[in-house]
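These are the residues of each chain, in order.
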Amino acid sequence: DKVANKETVYTVAIGSALAIPDSGLTIAVDTFLPQFTMDGTTLTSQSNEPKNPAAQIRIMEGGKEVFKGWLFSLYPTTHSFNHPKYGFTLVDFIPAS
């Protein structure tokens with residue numbers, strides 16, 4: 001929350017969505033790549049090592065998709081979601097057990 005200068009960390013499972021309390025926004029995580037790489041139009045992971053973690057997300061506001069893109073933990077401002085009040089970053093991940 002940029003206005004309140006408040007940061008909250010949420011955990012969202014791959015393939016799941018989370019309604020952000022009191023925001024009107026829902027964030028869905030579609031894909032996670034531990035070592036994101038891009039070759040032309042092909043997006044893949046070079047390995048299972050977390051060398052460039054990235055999550056493909058969708059953000060809905062009022063039921064309408066307002067953002068679809070990637071969050072990168074090493075590059076938080078790359079392709080970031082632009083909203084006057086809220087910002088999102090990939091801060092960590094929980095490996096599958």
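Okay, so let's go over this structure. (Residues numbered from 1 in each chain as written. Predicted model: local features only at pLDDT ≥ 70, side-chain atom pairs only at ≥ 80, totals over all residues. Heavy atoms only, no water.)

**Observations concerning the nonpolar core**
Okay, so step 1: Counting 13 residues, the largest nonpolar core has Leu25, Ile27, Ile57, Ile59, Phe81 and Phe88 as the members making the most contacts within it.
Okay, so step 2: Those elements that provide at least two residues to this core are strand S2 (25-33), strand S5 (54-61) and strand S6 (64-72).
Okay, so step 3: Every residue in contact with Phe81, bar those within four places of it in the chain, is listed here: Leu25, Ile59, Val66, Phe67, Tyr86 and Phe88.
Okay, so step 4: Within the second largest apolar cluster, five residues are counted, among which are Leu33, Ala54, Trp70 and Phe72. (Core = buried A, V, L, I, M, F, W, Y, C linked by side-chain atoms within 4.5 Å. Buried < 20%, exposed > 50% of the residue type's maximum accessible area, 1.4 Å probe, protein only. Helix = DSSP H or I, 4+ residues; strand = E, 2+ residues; numbered from the N terminus. Contact = heavy atoms within 4.5 Å.)

**As for the environment of Ser73**
Okay, so step 1: If you trace the backbone, Ser73 turns up in the segment after S6.
Okay, so step 2: Separated by 42 residues in the primary sequence, Ser73 and Thr31 have C-alpha atoms spaced 14 Å apart.
Okay, so step 3: The contact partners of Ser73, leaving out residues within four places of it in the chain, are Pro53 and Leu90.

**Remarks on the pattern of salt bridges**
Okay, so step 1: Summed over all chains, the structure comprises two salt bridges.
Okay, so step 2: One salt bridge in this structure joins Lys85 and Asp1, with 3.8 Å as the shortest N-O distance. Of this pair, Lys85 sits in the segment after S6 while Asp1 sits in the segment before strand S1 (17-20); the two residues are 84 residues apart in sequence, bridging distant segments of the chain.
Okay, so step 3: The partly exposed category is assigned to Lys85, whose relative accessible area is 30%.
Okay, so step 4: With a relative accessible area of 26%, Asp1 lands in the partly exposed category.
Okay, so step 5: Here Arg58 makes a salt bridge to Asp30, at a shortest N to O gap of 2.8 Å. Taken together, the residues Arg58 in strand S5 and Asp30 in strand S2 connect sequence positions 28 residues apart.
Okay, so step 6: Take Asp30: its relative accessible area is 26%, and that puts it in the partly exposed class. (Salt bridge = Lys/Arg side-chain N within 4 Å of Asp/Glu carboxyl O.)

**Notes on the pairing of S1**
Okay, so step 1: Direction of pairing for S1 relative to S2: antiparallel, over a ladder of four bridges. Looking at the pairing, Ile20 lines up with Leu25 of S2.
Okay, so step 2: What sits between S1 and S2 in their antiparallel hairpin is a turn of four residues, with Asp22 showing a positive phi close to 60°. (Pairing = 2+ DSSP bridges.)

**Digging into the environment of Thr44**
Okay, so step 1: On the secondary structure map, Thr44 appears in strand S4 (residues 42-45).
Okay, so step 2: Looking at Thr44, the relative accessible area reads 37%, which means it is partly exposed.
Okay, so step 3: Counting along the chain gives ten residues from Thr44 to Pro34, while the straight-line C-alpha distance between them is 9.2 Å.
Okay, so step 4: When neighbours within four sequence positions are excluded, Thr44 is seen to be in contact with Leu33, Gln35, Phe36 and Thr37.

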